[in-house]
Amino acid sequence: MSAQSSTLTASRGGTWLTSLQPINAGLSLRDQAYATLRQAIADADIYQTKEDVRLDERVLSEALGVSRTPIREAMTLLEQEGFLRMVPRRGIYIVRKSKREIVEMIQMWAALESMAARLATQIATDEEISRLRHMFDDFRDSTPTEHIQEYSDANIAFHQAIVDLSKSQIIIDTIRNIFMHVRAIRKITISQADRAARSIEDHMRIIESLERRDTELAETLVRDHSLGLAKFVELHGDFLE
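Summarised in this report is the structure supplied together with it.

**Quick word on the packing of aromatic side chains**
Centre-to-centre distance and the angle between the planes together describe a pair of aromatic rings.
Here comes step 1: Using the criterion set out here, one finds three aromatic pairs in the structure.
Here comes step 2: Judged by centre distance (5.1 Å) and plane angle (25°), the rings of Trp109 and Phe179 are stacked. Of this pair, Trp109 sits in helix α4 (residues 99-123) while Phe179 sits in helix α7 (residues 169-189); the two residues are 70 residues apart in sequence, bridging distant segments of the chain. Phe179 shares its class with Trp109; the two are buried.
Here comes step 3: Measuring from centroid to centroid gives 5.9 Å for Phe136 and Tyr151, while their planes differ by 40°, and the two rings are tilted. Linking Phe136 in the loop between α5 (126-134) and α6 (148-165) with Tyr151 in helix α6, this pair joins segments that are 15 residues apart in sequence.
Here comes step 4: Residue class for Tyr151 comes out buried when judged on its relative accessible area of 0%.
Here comes step 5: Aromatic rings pair up to connect Phe136, Tyr151 and Phe158 into one cluster.
Here comes step 6: Just above the ring of Phe232 sits the side chain of Arg195; from NZ or CZ to the centre is 5.0 Å.

Below, the structure written as structure tokens:
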């Protein structure tokens, strides 16, 4: 493993570990540790740096206030899901996908989210769809680039909301692991090449198609929007190599 790799420690400023809180007894400690670590990995900007991020069982145990056993069990589950890799005699690292893998994940996301949009036109209520429009209220009197972090969060929430509107548990479950990596890539690319401004225009057209219950158009717009991200990463995703 490269000497540039970084180990997550409770004292390292700027890492997600500093926000971890001790977990409470009651539910399975393994399940609580799993949920906490999974969310922390989802929130981490693992593609902002080329450094490998190593997890330390002892530090995590202290941060979460539990023994190493549930931490180890939780990390085993995360490894099985493809979020961690264990290197013998070296440690446990958060997995970073290659550019090719990310492009393929976004393409899969496009297929699933577009089907979610199709279903949403058929089964989501008017009130549920109207909430999508309100997600961008804070940007009506300003451009997304003026509040890029806030817009990035709204952008990610928007795509998750469309998936949820499908009310298809199989789509929600299938897309869950893909979202972990696609979310991180969206956060990085949203500020590049005026993507934020074009993104909000795409979102408004998608919302309008959902409001009109235009099934074919909603499905096409959502699919093309995500495939646009895949194309952008393919052309400009050198930071993933």
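Next, the rest of the story.
**What to know about the environment of Gln32**
Here comes step 1: Position of Gln32 relative to the elements: it lies in helix α1 (residues 29-43).
Here comes step 2: Note on Gln32: relative accessible area 17%, which makes it buried.
Here comes step 3: C-alpha separation for the pair Gln32 and Pro70, spaced 38 residues apart in sequence, amounts to 8.6 Å.

Basis of the calculations
Residues numbered from 1 in each chain as written. Predicted model: local features only at pLDDT ≥ 70, side-chain atom pairs only at ≥ 80, totals over all residues. Heavy atoms only, no water. Phe/Tyr/Trp six-rings, centres within 6.5 Å; stacked < 30°, edge-to-face > 60°. Helix = DSSP H or I, 4+ residues; strand = E, 2+ residues; numbered from the N terminus. Buried < 20%, exposed > 50% of the residue type's maximum accessible area, 1.4 Å probe, protein only. Lys NZ or Arg CZ within 6 Å of the ring centre and 35° of its normal.

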